[in-house]
Amino acid sequence: LPPLQDTASWHSAVRGCPAARILVYKSGKNVIFDFTPWDRRWVTYEIGGNGLLWSAYKTFKSGVGLKDEWGYKAAKDKDNEVYDWWKFEEEGKIINAVICDADFLKEPETLNMPSMPIVIAHVPTRPPVAGTYSDSYGESLFAPIRKINAIRNRFATMVASHAID
């Protein structure tokens, strides 16, 4: 996979919304950082009053890949839809399952997690930008050339008023 920053930048510009599954956990004495970018095109979710209620990410796997990763043998040769599904159950309890067709590749499992490990960050049309130009806050992209346009418009008016019939 490409670096997370490159992927998030591309998804921000092209899809308007980077998303990722971010897991940090211990395996023996090691701490594992599992940051998986999600393409917003294939993410579904629902937001409640206190945040994300559930989210699912659809990917497409080959039959060989599913057999290797999950031991799943009922798959087609290619283009098998696989869903990584996450649900907020209650404070500190998150449910995760992985589904292919109508079969669970990973049965629903309740995990002790403080919050949903999913980040979905919509890119605003006008993000807050720090600077010393607060007088132009919310201005058009073309605001700096208004004076040039005013001079050009005056000149065009003069030329038009002196036109010969």
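Look up a bit, the structure's there.
These numbers come from a predicted model, not from an experiment.

Peer 1: Just to check I follow, could you spell out the overall build of the chain for this structure?
Peer 2: The number of helices and strands found in the chain is 3 helices and 8 strands. When the helices and strands of the chain are listed from N to C terminus, the series reads α-β-β-β-β-α-β-β-β-β-α. Split into buried and exposed, the 165 residues of the chain put 24% on the buried side. Considering only residue pairs separated by 6 or more positions, the chain has 38% of its internal contacts joining residues 24 or more positions apart. In the structure as shown, the chain presents an accessible area of about 12300 Å², 56% of it carried by carbon and sulfur atoms.

Peer 1: What is the right way to look at the nonpolar core in this model?
Peer 2: Grouped burial of nonpolar side chains is what soluble globular proteins tend to show. In terms of nonpolar packing, the biggest core is built from 12 residues, these being Ala19, Leu23, Trp38, Val43, Leu52, Tyr57, Trp86, Ile94, Leu111, Met113, Met116 and Ile118. Taken together, the elements giving at least two residues each to this core come down to β1 (19-27) and β4 (51-61).

Peer 1: I keep staring at the environment of Val24 and nothing clicks. Help me out?
Peer 2: Along the chain, the position of Val24 falls in strand β1. Apart from residues lying up to four places away in sequence, Val24 is in contact with Val31, Ile32, Phe33 and Phe35.

Peer 1: Any chance you could explain the packing of aromatic side chains here in plain terms?
Peer 2: To describe a pair of aromatic rings, you give the distance between the ring centres and the angle between the ring planes. If you walk through the whole model with that rule in mind, you get 3 aromatic pairs. Ring plane angle 80° and centroid distance 5.1 Å describe the contact between Trp42 and Phe60, whose orientation is recorded as edge-to-face. With Trp42 in the loop between β2 (30-38) and β3 (43-48) and Phe60 in strand β4, this pair connects stretches of sequence that are 18 residues apart.

Peer 1: Sorry if this is basic, but what is going on with the sheet that holds β2 here?
Peer 2: Strand pairs in the sheet, formed through backbone hydrogen bonds, run parallel or antiparallel to each other. Strand order across the open sheet formed by 3 strands is β2-β1-β8, with antiparallel pairing between neighbours. Taken across any chain shown, the strands that pair with only one partner, and hence form the sheet edges, are β2 and β8 (118-120). Neighbour to neighbour, the strand axes of the sheet diverge by 20° on average, direction disregarded. Looking at chain direction, β1 and β2 are connected through 9 bridges and run antiparallel. Across the sheet, the residue bridging to Lys26 is Val31, located in β2.

Peer 1: Explain the side chain of Asn96 here, please?
Peer 2: Residue position: Asn96 is located in strand β6 (residues 93-100). Judged by its relative accessible area of 3%, Asn96 is buried. There is a polar contact of 3.0 Å between the side chain of Asn96 and the side chain of Asp84. A distance of 2.9 Å separates the side chain of Asn96 from the backbone oxygen of Trp85, its partner in a polar contact. What Asn96 contacts, discounting residues up to four positions off in sequence, is Asp84, Trp85, Trp86, Lys106, Glu107, Pro108, Glu109 and Leu111.

Conventions adopted
- Residues numbered from 1 in each chain as written.
- Predicted model: local features only at pLDDT ≥ 70, side-chain atom pairs only at ≥ 80, totals over all residues.
- Heavy atoms only, no water.
- Helix = DSSP H or I, 4+ residues; strand = E, 2+ residues; numbered from the N terminus.
- Buried < 20%, exposed > 50% of the residue type's maximum accessible area, 1.4 Å probe, protein only.
- Contact = heavy atoms within 4.5 Å.
- Areas by Shrake-Rupley, 256 points an atom, 1.4 Å probe, with all protein chains shown as cover.
- Core = buried A, V, L, I, M, F, W, Y, C linked by side-chain atoms within 4.5 Å.
- Phe/Tyr/Trp six-rings, centres within 6.5 Å; stacked < 30°, edge-to-face > 60°.
- Pairing = 2+ DSSP bridges.
- Axes fitted to C-alpha atoms, helices over the stretch in contact; angles between N-to-C directions.
- Polar contact = N/O pair within 3.5 Å; in protein donor to acceptor, adjacent residues only side chain to side chain.

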